[in-house]
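One letter stands for each residue in the lines below.
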Amino acid sequence: MAEFVGPRLYSCCKCGNHVSLHDDIISKAFQGRHGRAFLFSHAMNIVVGPKEDRHLMTGVHTVADISCADCRELLGWKYERAYEASQKYKEGKYIFEKLKIVKENW
């Protein structure tokens, strides 16, 4: 009998809560607060904090920090608004810091 292998996931580094699917990665070429970060189209099992304007490498964006819904570990942020036309594709997307997530089902 074949063993069922589920979808490839990313989980919180602290508690193992599933936070996103590998298939939802848009780009691995982002910079977070603590190094490399990934841009995802969707996220799950997270808490979205209050919106604030933040000066990032690509200009001013309205963002909200995202945390694990179980342990409240800060994982990255959600792009709420981009002010420059070239950055609009980020709106509604999620940044997860590579150091804050771990792979599952790989």
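Computed from a prediction, not measured in an experiment: that's the story for all the values here.

Student: Would you mind going over the sheet that holds strand S1 (residues 9–12) in detail, with residue names and values included?
Tutor: The three strands lie next to each other as S2-S1-S9, forming an open sheet whose pairing is antiparallel. On the outer flanks of this sheet lie strand S2 (18–21) and strand S9 (101–104), each paired with one strand and no other. Each neighbouring strand pair of the sheet contributes to a mean axis angle of 35°, computed without reference to strand direction. For S1 and S9, the ladder comprises four bridges, and the chain directions are antiparallel. Within S9, the position partnered with Leu-9 by the bridge is Glu-104.

Student: Residues and numbers for the pairing of S2, please.
Tutor: Direction of pairing for S1 relative to S2: antiparallel, over a ladder of three bridges. Its bridge partner lying in S2, Ser-11 is registered against His-18. As consecutive antiparallel partners, S1 and S2 are separated by five residues, and within that stretch Gly-16 has a phi angle of approximately 85°, a positive value.

Student: Mind laying out the UniProt feature "domain: Yippee" (unreviewed entry) in the protein chain, listing which residues take part and the relevant values?
Tutor: Here, UniProt's "domain: Yippee" (unreviewed entry) annotation points to residues 8–105. Between the C-alpha atoms that bound residues 8–105 there is a distance of 5 Å. The span itself is 0% helix and 61% strand.

Student: How would you summarise the sheet that holds strand S3 (residues 25–32) if you had to cite specific residues and measurements?
Tutor: The six strands are arranged S3-S4-S8-S7-S6-S5 in an open sheet whose pairing can be described as antiparallel. Both outer strands of the open sheet, S3 and strand S5 (46–56), are each paired with one neighbouring strand and no more. Mean inter-strand twist for the sheet, computed between neighbouring axes without regard to direction, equals 30°. Looking at chain direction, S3 and strand S4 (residues 35–40) are connected through five bridges and run antiparallel. Paired with Ser-27 across the two strands is Leu-39, which belongs to S4.

Student: Outline the nonpolar core, listing residues and values.
Tutor: Counting 13 residues, the largest nonpolar core has Phe-40, Ile-46, Leu-75, Phe-96 and Ile-101 as the members making the most contacts within it. If you list the elements that add at least two residues to this core, you get S1, S4, strand S6 (59–68) and strand S8 (94–97). Beyond its immediate chain neighbours, meaning those up to four positions away, Phe-96 contacts Val-19, Ser-20, Ala-37, Phe-38, Phe-40, Ala-43, Ile-46, Ile-66, Leu-75 and Ile-101. Ranked by size, the runner-up nonpolar core spans seven residues in total, among them Ala-37, Leu-39, Val-63 and Ile-95.

Student: A description of the environment of Thr-58 should follow, citing residues and the corresponding values.
Tutor: Here Thr-58 shows up in the loop between S5 and S6. With 28 residues separating them along the chain, Thr-58 and Ser-86 place their C-alpha atoms 9.5 Å apart. Beyond its immediate sequence surroundings of up to four residues, Thr-58 is in contact with Glu-84, Gln-87 and Lys-90. A polar side-chain atom of Thr-58 sits 3.4 Å from a polar atom in the side chain of Gln-87.

Student: Provide a residue-level description of the pattern of salt bridges, including the pertinent values.
Tutor: Inspection of every chain in the model, using the stated rule, returns six salt bridges. The salt bridge involving Glu-52 is made with Arg-54; its shortest N-O contact spans 3.1 Å. Under the relative-accessibility criterion, Glu-52 is labelled partly exposed at 39%. Residue Glu-91 pairs with Lys-88 through a salt bridge whose shortest N-O separation is 3.3 Å. A residue is classified by how much of its surface remains accessible, and Glu-91, at 29% relative accessible area, is partly exposed. By sharing partners, the salt bridges in this structure join Arg-33, Glu-52, Arg-54 and Asp-65 into a single network.

Parameters at a glance
Residues numbered from 1 in each chain as written. Predicted model: local features only at pLDDT ≥ 70, side-chain atom pairs only at ≥ 80, totals over all residues. Heavy atoms only, no water. Pairing = 2+ DSSP bridges. Helix = DSSP H or I, 4+ residues; strand = E, 2+ residues; numbered from the N terminus. Axes fitted to C-alpha atoms, helices over the stretch in contact; angles between N-to-C directions. UniProt positions renumbered as here; feature names shortened; annotations may be inferred. Core = buried A, V, L, I, M, F, W, Y, C linked by side-chain atoms within 4.5 Å. Buried < 20%, exposed > 50% of the residue type's maximum accessible area, 1.4 Å probe, protein only. Contact = heavy atoms within 4.5 Å. Polar contact = N/O pair within 3.5 Å; in protein donor to acceptor, adjacent residues only side chain to side chain. Salt bridge = Lys/Arg side-chain N within 4 Å of Asp/Glu carboxyl O.

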